[in-house]
Each structure stands twice: as C-alpha cells, then as structure tokens.
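Take a look at the letters that make up each chain.
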Amino acid sequence: MSSSPMLTGAETAQPKLDLLSEVGLTPFEGARVRELMGREPSALEWAMFGAMWSEHCAYKHSKKLLRTLPTKGARVALGPGENAGAVDLGDGLLCAFKVESHNHPSAVEPYQGAATGVGGILRDVFAMGARPVAVLNALFFGPPSAPRARRLLSGVVGGISYYGNCVGIPDVGGHVSFEPCYLENPLVNAMCVGLVRRDRLSRANTARPGSAVYLVGSDTGRDGIAGASLLASFELGAQDDAKRPSVQVGNPFLEKLLMEATLELVELDAVEAVQDLGAAGLTCATSEVAARSRVGMRIDVDKVPRRAKGMSPYEVMLSESQERMLVVARPGRESDVERVFRQWELHGVRIGEVTEEQVLEIRSEGMAVATLAPALLADEAPEYDVTQWARAPRSGGELEGRAPRGAAEVEGGAKSPDERVAPRAYIEGQDDKEGGTARRETGSDRGNVGGAASAGHVVADSRADQPLHKIGLELLDLLASPAVASRSVIYRTYDQMVGTDTVLGPGADAALLRIKGRKDGIAIAIDAQPRVAALDPFVGAASAVAEALRNLVCVGATPLAITDCLNLGNPERPEGAWQLERTIAGISAACDALGVPVVSGNVSLYNATRGADIWPTAVIGAVGHIEDVTRYIPVTSGRPGDVVMLAGSASVGLGASAYGASIGVHDVAPSIDLALEARLQRFMLAAHQAGTVRAAHDRAEGGLAVALAELALRDRIGMKVTLPAVRGIDKRVALFGEGPSGVVLVLGPSLESQVRALAAQYDVPVWTLGTIGGDLLEIAPVLGLPIAALVDAHSYGLARALGREV
Amino acid sequence: MTRVAILRYPGTWSERDFQHALSLVPGVESDILWHEDADLAGYDAAIVPGGFTYGDYVRAGAIAKISPATRALRRFADAGKLVLGSCNGFQILCEAGLLPGALVRNRGLEFRCDWVHMRVESDTTPWTAGLRGAILRMPIAHGEGCWVADDQTLSDVESRGQVMFRYTDERGAATPEANPNGSLANIAGVCNEGRNVVGLMPHPERCSEALLGGTDGYRVLANLAPALAGAAAGIYR
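Rules used in this analysis
- Residues numbered from 1 in each chain as written.
- Chains lettered and ligands numbered in written order.
- Predicted model: local features only at pLDDT ≥ 70, side-chain atom pairs only at ≥ 80, totals over all residues.
- Helix = DSSP H or I, 4+ residues; strand = E, 2+ residues; numbered from the N terminus.
- Contact = placed C-beta atoms within 7 Å.
- Pairing = 2+ DSSP bridges.
- Axes fitted to C-alpha atoms, helices over the stretch in contact; angles between N-to-C directions.
- Buried ≥ 20, exposed ≤ 12 C-beta atoms within 10 Å, placed from the backbone.
- Expected span 1.5 Å × (residues − 1).
- pLDDT = per-residue confidence, 0-100.

All right, on to the overall build of chain A then. Assigned secondary structure in chain A consists of 29 helices and 28 strands. Within chain A, contacts between residues at least 6 apart in sequence are counted, and of these 84% link residues at least 24 apart.

Another aspect to go through is the sheet that holds strand β18 (residues 598–604) of chain A. Residue and element names in this part refer to chain A. Reading across the sheet, the six strands line up as β14-β15-β16-β21-β17-β18 and stay open at both edges, with mixed pairing between neighbours. Looking at the sheet topology across the chains shown, the edges are occupied by β14 (502–504) and β18. Going from strand to strand, the sheet's axes swing by 20° on average, the running direction of each strand aside. Note that strand β17 (residues 558–567) and β18 share six bridges and pair parallel. Considered in β18, the bridge of C565 is made with N602.

Residue and element names in this part refer to chain A. Considering the arrangement of structural elements, one finds I471 in helix α19 (residues 471–479). You can call I471 partly exposed: it has 19 C-beta atoms within 10 Å. Spatially, the C-alpha atom of I471 lies 73 Å from that of T355, the residues being 116 residues apart in sequence. Excluding residues within four positions of it along the chain, I471 makes contact with L735, V782 and L783.

On to helix α8 (residues 147–167) of chain A, then. Its 21 residues give α8(A) an end-to-end C-alpha distance of 30 Å, which sits within 8% of 30 Å, the value for a rise of 1.5 Å per residue. The element α8(A) is extensively covered by neighbouring structure, given that 15 of its 21 residues are classed as buried.

Residue and element names in this part refer to chain A. Spanning 21 residues, helix α23 (residues 574–594) covers 30 Å between terminal C-alpha atoms, matching the ideal 30 Å at 1.5 Å per step. Burial analysis of α23 places 17 of its 21 residues in the buried class, which makes it a mostly covered element. Backbone geometry just after α23 places G595 at a positive phi near 65°.

Attention shifts here to the confidence of the model for chain A. Residues of chain A with pLDDT of at least 70 account for 86%, and the chain-wide mean is 88. A low-confidence stretch, residues 1–17 of chain A (pLDDT under 50), is modelled with 34 contacts involving residues beyond four sequence positions or located in other chains.

Our focus in this paragraph is unusual backbone geometry. All names here are of chain A. Here the bond from A780 into P781 is cis, since omega is 0°, no more than 30 degrees from zero. With respect to the secondary-structure elements, P781 resides in the loop between β27 (776–780) and β28 (783–786). Phi is positive for Y59, close to 55°, though the residue is something other than glycine. Its location among the elements puts Y59 in the loop between α4 (55–58) and α5 (63–66). At E323, a residue that is not glycine, the phi angle is positive and equals roughly 55°. Here E323 lies in the loop between α12 (313–318) and β10 (324–329).

Looking now at the sheet that holds strand β25 (residues 742–747) of chain A. Residue and element names in this part refer to chain A. Taken in spatial order, the seven strands of this open sheet run β23-β25-β22-β26-β24-β27-β28, and their pairing is mixed. On the outer flanks of this sheet lie β23 (693–698) and β28, each paired with one strand and no other. Taken over all neighbouring pairs, the strand axes of this sheet differ in orientation by 20° on average, direction set aside. As paired elements, strand β22 (residues 643–648) and strand β26 (residues 766–772) share five bridges and run antiparallel to each other. Within the sheet, the bridge partner assigned to A647 lies in β26 and is V766. Its contacts with the sheet place helix α26 (residues 703–715) against β22, β23, β24 (719–722), β25 and β27, and it is angled at close to 155° to β27.

Reports often express the size of an interface as the amount of accessible area lost when the parts come together. Listed as interface residues are 22 residues of chain B and, on the opposing side, 23 residues of chain A. When contributions to the side of chain B that touches chain A are tallied by element, the ones reaching two or more residues are α1 (15–23), β6 (112–120) and β7 (135–142) of chain B. Ranked by residue count, the leading element in the side of chain B that touches chain A is β6(B), at three residues.

The next point concerns the pairing of β10(A). All names here are of chain A. Most of β10 is tucked away: six of the six residues are buried. Burial along β10 is two-sided: the residues R324, L326 and V328 and M325, V327 and A329 are all buried. When strand β7 (residues 212–217) meets β10, the two strands line up antiparallel, connected through five bridges. Residue L215 lies in a different strand from β10, and its bridge partner there is L326. In terms of strand pairing, strand β8 (residues 271–276) meets β10 through five bridges, oriented antiparallel. Paired with V274 across the bridge in β10 is V327.

Attention shifts here to the environment of T636(A). All names here are of chain A. Checked against the element boundaries, T636 lands in the loop between β21 (617–626) and β22. The sequence separation of T636 and A508 amounts to 128 residues, and the corresponding C-alpha distance is 9.9 Å. Not counting chain neighbours up to four residues away, the residues in contact with T636 comprise R694, A695, R714 and D715.

What follows is the structure, given as structure tokens:
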C-alpha cells in the first residue's frame, strides 16, 4: 500500500477542474479505481468512488491507527464499524452511543450545519433500533469577544436547540471551549445515547436476496450534493460561501416521524436491515448495506422521489438531503412496512431489491448507469500510513510521546531545552498562524507566550507580582472567564428534561439518566483538553479520556466504554500526521490503563484554514453504569461541619491552564500518571460504595480554587479551607494550577479516618483541606469571598463575555 | 378507576412522559390515542401533551387544531369532561378556541428550559382542587409560551377567576423577574368558563417523582385519583 504524496500547507489537496479531483480523488487513487474496476468507470461511478473513498467516509488517513485502539471488553455488545457502538447493561438491555462531528458545515452555515449534525447522530442511533434518550455536544469557538465567534455560537446553539427540542431528545450535557485556533474553523461535535433490547438490535448486515429496498423520509433534493467528499474532506478556504449549497437543511419534525416509524418497524420485526442516509447519501447506504450483507442491490434512481425537477442520477445518488432512511423489508412484510410509513405520514417508496450477485446496479431509463461491486466502494479505499511522514513540530524525537514534565514548576525542578522545544515551537507556530489578533482577543496583554516560556516559570508575569490580597479578585475574574463561567446561557435553550429520565443534567460533573422500569441508570460525560493537546497531543488525548471517566466516577458511576471524535488538522502535513498519531496513542494508553474500550467514533481531519491547523482536539464521550440510580453522588455543597478533602494528585501547573490563558501563558503541558488516575477512580468508587461520599467534584479548568468555589456555589454554602502544603509551591499555582487526577471530596465529619484508610489501601494521596460552613469561601491564608460575589461572576460571566445583557 | 386519554399528534413528545407520571397515581389508567382515530368515548379525562405538533412550522398548534382528535376533544370538553393541555397542548387548546388568549414567542425570542415557580390562583377546577395558594415548582421548556390576550379578554379572564397559575418567585410574588417568557400578568395557565378545561405552559409530568427533582406535578395529576375526582367535579357542577 503506497502513501499519498507529502504536501506542504500551500499545495494541500484541493478539488481542481479535472474529473479526478472534481470527485476529490488523487491520481494514485484514480489509478487504483481503474485497476479494481478493470475498466474506465463512468462519470457516475467516478463520483460514487469519490464520495465513498473520501476521508470522511473511508478514514483513509486514520484507519490504520484506529485499529490500535482497544475495542474489546466484557461489557462490549457492539464495537466500532457499525452505525454506533453498544455496551451491555444487563438483563437484555443495550446502550448504543456515538459522537460525530459536523465541523465544516457549521463553519459555512452554523445554524443548519449544527442542526443536521444532531439529526445525523440521532439517525445513527435509531437506525440500530435504539430509542435515543440523550444528546450531548462538544463545541469549540474563537474568543467570545470576536464577532465571528459570537455569530457562529448563536447559530450553532440555535441549530442544536431547534433540532433537538423539536424531536424531543433531552440535551443533558456538553463541553465548550473558546480558543483563537477555532475562530475560523469551529468544532461542532454531537453525541447521542440510545437504549435497545438485545433481541431488537438492528444491523445493516442482514439484507437477503429478493428483499424489497425502500427509501423513506424526505424527498431527495439538490442540497448537500457531495458534501462529505468535497466539504468535509478538504481544508476551509476563501470560496467557502460557494460551498453553502453543500450544506444540508434539516427538518426535525420529519426526523421525529422517521424515528417513530423506524422504531415501530424494528419492534414489529418487519425489516431485515435499516441504514440512515448521511454522508454520500444513497451511494453510501446502498453500498454499505450490500457490502456488509455480502449481497448485491438493484436500484432504479427514477423511482426516488425528487424535490427538484430534472435531477440527474449523479445528483440523486450523491445528494445528502437529510431525514432519509434505507429500509430492507422482510419478504412478505412489505404491506406492514408500507402501513407504518403511511401511519406516520411518511413518503416511502420501493426503489429496488436485494440481489444474489454482489453487484450494485444503478438503473435509470431502463439502462444500467453504474455497475460495480459494493465492496469496492465500502471496503477497498486505500489506507495511508501517516507515521511514514509524521514529524513533531521543529523536532524529530518526539514520536515516542514522552510527556513534558509539566508538574516541574510545582516541584521547582528545572526543564532541559529538549523537553520544552517541541511544545514551545508548536505554540509559536500556532501564534504565527493565528496572527497578532489572537493574543489581543484573549484579552491577555499582560504577558506573551514566547516570553513566558523563555522565562521558564509561569509566575514570571506582571500579574503575579501583584500583592496576594488581590488574589480574591483574580479568582472572581477566573470564575467569570469564558473557560470557567457557567454555560447556562447556552444549555437553558436546550430541553434537558423531555423523556423524564434526566436525574442529573447540564452543570453536573456527569449527566445521569434513570431507565424506566429498572433499578439501574447510566451516566454520561463528554470532555476535551485542547489547551493541553496543543502542547502535547498525547497527554491532551489521554487527559481527555481520564477526565471524562473521572466525571462519571464523580457521580458514582462505573465507567463502561467511550466513544471518540478526533478533530485534527491536515494529516498530509508532517505536523498533522504527528498529531493524529500522538492523539490516538494517548487515547489508547489511557483506555488500557483505565480498563475501558472504545466502541465507536468519528474522525474529522482537514480542520485547517488557509494552512493553519486547529489544535489537535480529541473529544471523548464516556458512558458509565450505576447499579442503583437512587444512590448517586448528589450535586451538593455538603452540610456545615462536613470535611473537605483533595484526593489524587496535587502536582499542577499553569502552563496549560485557564489562569495561564488569562495572562497569556501557554508553555508546558502537565504530566499525567495514568496508574494514579486508575487508582483514584477505583478509590472513589470504593468510597462511594462504602457510603462515605457526601459530594465530589473534579478539579478541572481553573484548578483547585475554582473546584472549591463551584462546590460552594451548588447550595450556596461556604467553607473554610487551607491550601495543601506542597514543597516550594507558589500560591497562585496551588490555587489556579491545573493537572489531571484531582478530585475534591466532601465527607460527613466522622468519616475522615475511614476514608483516609481507604485511600491508603488504594495508594491514593489525600489532603484534608478544611470544613464546610458559613457564607464565605475562605481559602487560608490567601482569600475570603462572599458566596454572592462568586454567584454573580460564575452565573453571568459567559453572557457578559458574549456581549449579551444579563 | 379513572380513565385518561392521552392524545398523540405527529410531533407530540410528552405522551409517554404523561403516561408514566399517571401510572404513579393510584386508580388511574391511561391510553395513548393516535390523533386520526381518537375515540374519547368511555374516558373521564383527556390530556393534550407537549411536543412540536407538525413541527410548529405554521404556528404552534395551528395545524393540530384542525386534526380529527381536536374535533373529538371539543365535543368531549363540551360534555363537561376534564381536559388538561400542557406546553404545546396548551397552545393547541388556545388555537382551538377551547381556552382564552394565545401563546406567542417568548420575550427574548429564545427557547427556555428551566425550573420556575407559580402560584395556584384558583382551586375551583378539578385539576387544582385543594391547591389554592400553593406555590408549585415546575419545569418549563418552550419557545412560544408568552400568553397574550386583548384587554377585554384579559379582564374577563381575571374577573371570572379563570387564571389558574401565575409565575412567581419562590415566595409567591409575581415579579417581572419571575416571569420567564413575558406572559401578560405573569399568567402561566388558564381555564375555560366551564372550568373543566385547563392549560398551562409548565410540565407537571416532569416533576412527579423526587428522583427527577420535584413532586409538585404529582399534586396536580393526583386530582385524577377517583376519590378526589368526584369531589373535585362537585366543586364546579
């Protein structure tokens, strides 16, 4: 298997005006198509190859690496490769889930781009016969002060709200980042979780010869033609407005009818296979069902209901019109299938049949306009080994993925140039790409990346020279900052409770859902660590996995599995290839250490604008299980007199922190001790099992001080604590420093010794910080703030940053 | 046994939520009826649940009001049977002329999902029996929940005691801050002149279990329990 030519940013692959690149194929891939076909393909066949062999559909640059991810486990019911993965909840119930990106459509047309992103992930889940019970989102924008970021955020959030609320699936949580690298190329990832009885799980690999093939849902229009191959698989550039026709338009009401009809058909056992039409439309659905079922299919495009007159077979086969499903009826059940379509007022048409011979035949006006083996489209796309040209930015030796010792500041250790050169060079590169405006937009005129980095110590900035009595104000600023402030201004526009299963919704460490008629429940979290990944993709990806699972544990749930959405830049450039390799290696390492498999996922490459890649961004969606849904760890401040403890790691730094961002510091990634993370999570679950945990909260953006403030904000009860004594630690680093594997625990007064014993048993360090009580957040010896001040900063910070009235 | 019909239109999404909440009320059994062939004979009460019927593409409830189910519902209501509309169901009942006023885009033009407080203004309907003055905490989830009416209608509704629920703060004060959508006079729910048809924007079915964060919805739905239903009916007959 050969590799694609190495390209520099300037000459990156873009569609040109000859047939091959019009369909998005390289000359190498064109030659492979001719070889496999044994003849010159027709124009339609070329287009079908172009779509199915696109990065978006074929994972050309990631497949080889994705195979290295751990996907096996006792609870895994269905691994990667299906519409969604699934875990076994016991007693015959499966939980299906997947996260997917809709980045480029959202960059071009934010409202419809985000809306159809939700629609697509919902169809992936109900195509399996699973009823969607929750959606989550991970969103990444430029700085909230930038007009483009505000416009994109309003559009994206509006689209998600419009679509999800109308279909009636609760939005139970999410992640939002604001960083300059996402200004041009925002990231919009949507996750859906559904439930299905094991005996009703519907697959796309069970179509049998002679069965009727139906296309149901929306009529086929000219919207989104070749969106996957042309829009999602290349960099954004100057002519993106011209690509707006490649963005689809969503109809959530039709989606709701399609969902109910599909679930009813599966319940009636009237279908052999169901496949949603997403990227590459009818081409993808027909070839994938046929290839997976090892059969052929004869499709008459003239029978496909059109929204527009005079559509060519090419347009029909490549259209990405939304809200359509391909349904293969069981022989003899055609009338049931048509009756269900009618009842739900859906337009369902028989467009062909399954055939014995493994040939996909597309017919129009009585003639075959495309005749090819479905497997060629679905399985034979080339795979590129990006490690062949992967190179760490401005240094060759980073491929073994050793994490820079980020905790060094805390321990006062010196860093050798070698350890720092890769991340530093990378960040300077980013800044060049983003231009001078980037730093102005973060509002950090007090320091700059290069300067802080060469100074070596994060506290070497003007702000740190301010007397400590001002540090309370710094905490308020941080609580109100876009990285930390409450996201309620966003999630209050999402229906979080429809379905009446939401026990914990947005704002908790993880969402928690009950399952009607059962004792157990599921917890869901979605997280990302782009600021860390920018410095070290390996640590960033591993930290994202660790954080997502830690958040499950913080509500008392046992992690089962994850789904991942890898949003990266151009894999054809050495840096992009290196980031892809490091990101997957980081997820793999964390999954192995924490004993959790990957059951589904999605890769979005070419997130770059005019040669500037985004930061490598691994979005991790995690699902956990709780035996008794009434016994979760509640979102509370605890009661007066309760003991406050820090468990896990106290080694933190400002190098990739929100506080660092506020002073223009972004220089050293923290390190992650995956063994400690695993012990911490086991200890947390054991402590909860023993009934000793009153409340728990992950130490995340903003560090320990923000974690304590957020605890106090839950019931507006104060606390009096002292910073953990760590040798040589700077007060600001102790307060605002960030690092993985830290959880704040609240315990009943009498339980401290019992929990300490348990921690010792699991070899997890713990520090007693103080006690709950009063109406002040007192962190001795540095600050004391009234809860009311914290509430105002945290509640309205994001709205203010977005220039909205509060 | 009180028999409750839950109407299901294309785009309805609260019907299963209501059925589950009603399953918690002793002596109540409910069926979900498809709008095209909804036969309400033999039912004591009907519920029009929330959702986005027909996508609300024309106007919330505008298409649903011409559905066969809505015609059946009008006869059912005229016969003095109990009808409750929540969220989109409230919109449909107003569109159908079964309840006074209309519901328009929220002030602020934004969909809002949140917990609100409301005061029960009248207990002389079967749905609010025994709840007079109670401050209920319930979720809302709507983009078009701003209740409006012309001056005459508003004064009639007020003077006839047809205001059932008013948005307030947790202490029961009907302040502008406590009004989540700009509704006239903080009105969250109204009833018809016959007092057997009640509509409200909040979602009682979402707060009928402590596990979900509140049980005030149960206090309303529990009025359907046979023991109470009879007594309640007596109040307005």
